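Okay, here's what each chain looks like letter by letter:
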Amino acid sequence: MTRPGRPAGPTSDTEAVVLTAALDLLLSEGPAALTAQRLFQVTGVSRSTIYRHWPTPAAVLAALIDVAPIPAGAPTGDLAKDLHNEVDRLCDRLRDRPVGAFLQALVVAAATDLRHRYVSDLLAPFHQVLRAAGVPDDEREDGVAMIASPLLLDALLLDRTAARDRAHRIVDTFTESRSQQ
């Protein structure tokens, strides 16, 4: 709860400084570094301000998710092409250090609700493509899982580059099975 005369949220400059530092700390030192003390040390923003706006490391992670939305591509109407485009976008995002490291930090921090939220954001473009193509909900869930799960497995658990070619083969198999229905 804020006191009278206090702003409800941090100024945009303060938020940018703290969250930029938080991402840097996360990437260099891991999720354990997301403490008010450590953020104060690297930013100079008072601990009380940090505690007031981000009282826990999970709150810092949630704020980082909020400022890093994943833009959805515009479906073209060609299901196979749109899914292939989304595979490439997800593979590129998983290859980029911030996204892969952030996902790993969410796993390490055991921030289950945040991990689900972030992974849902990563998968949303696939859902959008399949929804736009008129794929029913149950088939959409199965299709997204078939396509994206191997990519997430590679990036998170096996610590290797996402297998783009495998994901493209899965897209081809999925779209071919849909066209035969």
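Below is a short write-up of the structure. Just so we're clear, the structure is a prediction, and the values are computed from it rather than from any experiment.

### Focus on the layout of surface pockets
Argument step 1. Its boundaries defined by the atoms lining it, the second largest pocket holds a volume of some 160 Å³.
Argument step 2. As for the second largest pocket, its lining consists of Ala16, Leu19, Thr20, Leu23, Leu64, Val67, Ala68, Arg93, Pro98, Val99, Phe102 and Tyr118.
Argument step 3. A per-class count over the lining of the second largest pocket returns 10 nonpolar, one polar and one charged.

### Things to note about a nonpolar patch on the surface
Argument step 1. There is a patch of nonpolar side chains on the surface, built from Leu153, Leu157 and Leu158 and spanning about 280 Å² of accessible area.
Argument step 2. Classification of leucine 153 as partly exposed rests on a relative accessible area of 37%.

### So, helix 9 (residues 164-179)
Argument step 1. Here helix 9 contains 16 residues, and its C-alpha end-to-end distance of 23 Å stays within 8% of the 22 Å for a straight helix at 1.5 Å per residue.
Argument step 2. Ala167, His168, Ile170, Val171, Phe174, Thr175 and Arg178 are the residues of helix 9 that are buried. For helix 9, the buried positions fall inside an angular range of 160° around the axis, keeping them on one side. The outward face of helix 9, more than 90 degrees from its buried face, is lined by the exposed residues Asp165 and Arg169.

### Concerning the packing of helix 1 (residues 12-29) against helix 4 (residues 57-66)
Argument step 1. Direction vectors running N to C along helix 1 and helix 4 enclose 110°, while the axes themselves pass 10 Å from each other. Judged by the angle between their axes, helix 1 and helix 4 are roughly perpendicular. Taking contact as the criterion, the partners of Leu19, Ala22, Leu23 and Leu26 in helix 1 are, on helix 4, Val60, Leu61, Ala63 and Leu64.

### Section: the pattern of salt bridges
Where charged atoms from two side chains of opposite charge come close, those side chains can pair.
Argument step 1. Under the definition given, this model contains seven salt bridges.
Argument step 2. Two residues, arginine 89 and glutamate 86, come together in a salt bridge whose shortest N-O distance is 2.9 Å. Linking arginine 89 with glutamate 86, this pair stays in helix 5 (residues 79-95), spanning three residues, or about one helical turn.
Argument step 3. A residue is classified by how much of its surface remains accessible, and glutamate 86, at 5% relative accessible area, is buried.
Argument step 4. In this structure, arginine 178 engages glutamate 139 in a salt bridge whose closest nitrogen and oxygen atoms are separated by 2.5 Å. On the criterion of sequence distance, the pair formed by arginine 178 in helix 9 and glutamate 139 in helix 8 (residues 137-157) is long-range, its members being 39 residues apart.
Argument step 5. Classification of glutamate 139 as partly exposed rests on a relative accessible area of 24%.
Argument step 6. Where salt bridges share partners, they join Asp88, Asp92 and Arg164 into one cluster.

Quick notes on the rules
- Residues numbered from 1 in each chain as written.
- Predicted model: local features only at pLDDT ≥ 70, side-chain atom pairs only at ≥ 80, totals over all residues.
- Heavy atoms only, no water.
- 1 Å grid on protein atoms, 1.4 Å probe; cavity = no way out; pocket = protein on both sides within 12 Å on 5 of 7 lines; lining within 4 Å.
- Points joined across faces, edges and corners; volume = space filled by probe spheres on them.
- Nonpolar A, V, L, I, M, F, W, Y, C, P; charged D, E, K, R; others polar.
- Patch = residues over 30% accessible without salt bridge, like charges linked within 9 Å, V, L, I, M, F, W, Y side chains within 5 Å.
- Areas by Shrake-Rupley, 256 points an atom, 1.4 Å probe, with all protein chains shown as cover.
- Salt bridge = Lys/Arg side-chain N within 4 Å of Asp/Glu carboxyl O.
- Buried < 20%, exposed > 50% of the residue type's maximum accessible area, 1.4 Å probe, protein only.
- Helix = DSSP H or I, 4+ residues; strand = E, 2+ residues; numbered from the N terminus.
- Expected span 1.5 Å × (residues − 1).
- Arc of directions from axis to C-beta.
- Axes fitted to C-alpha atoms, helices over the stretch in contact; angles between N-to-C directions.
- Parallel < 35°, antiparallel > 145°, perpendicular 65-115°, else oblique.
- Contact = heavy atoms within 4.5 Å.

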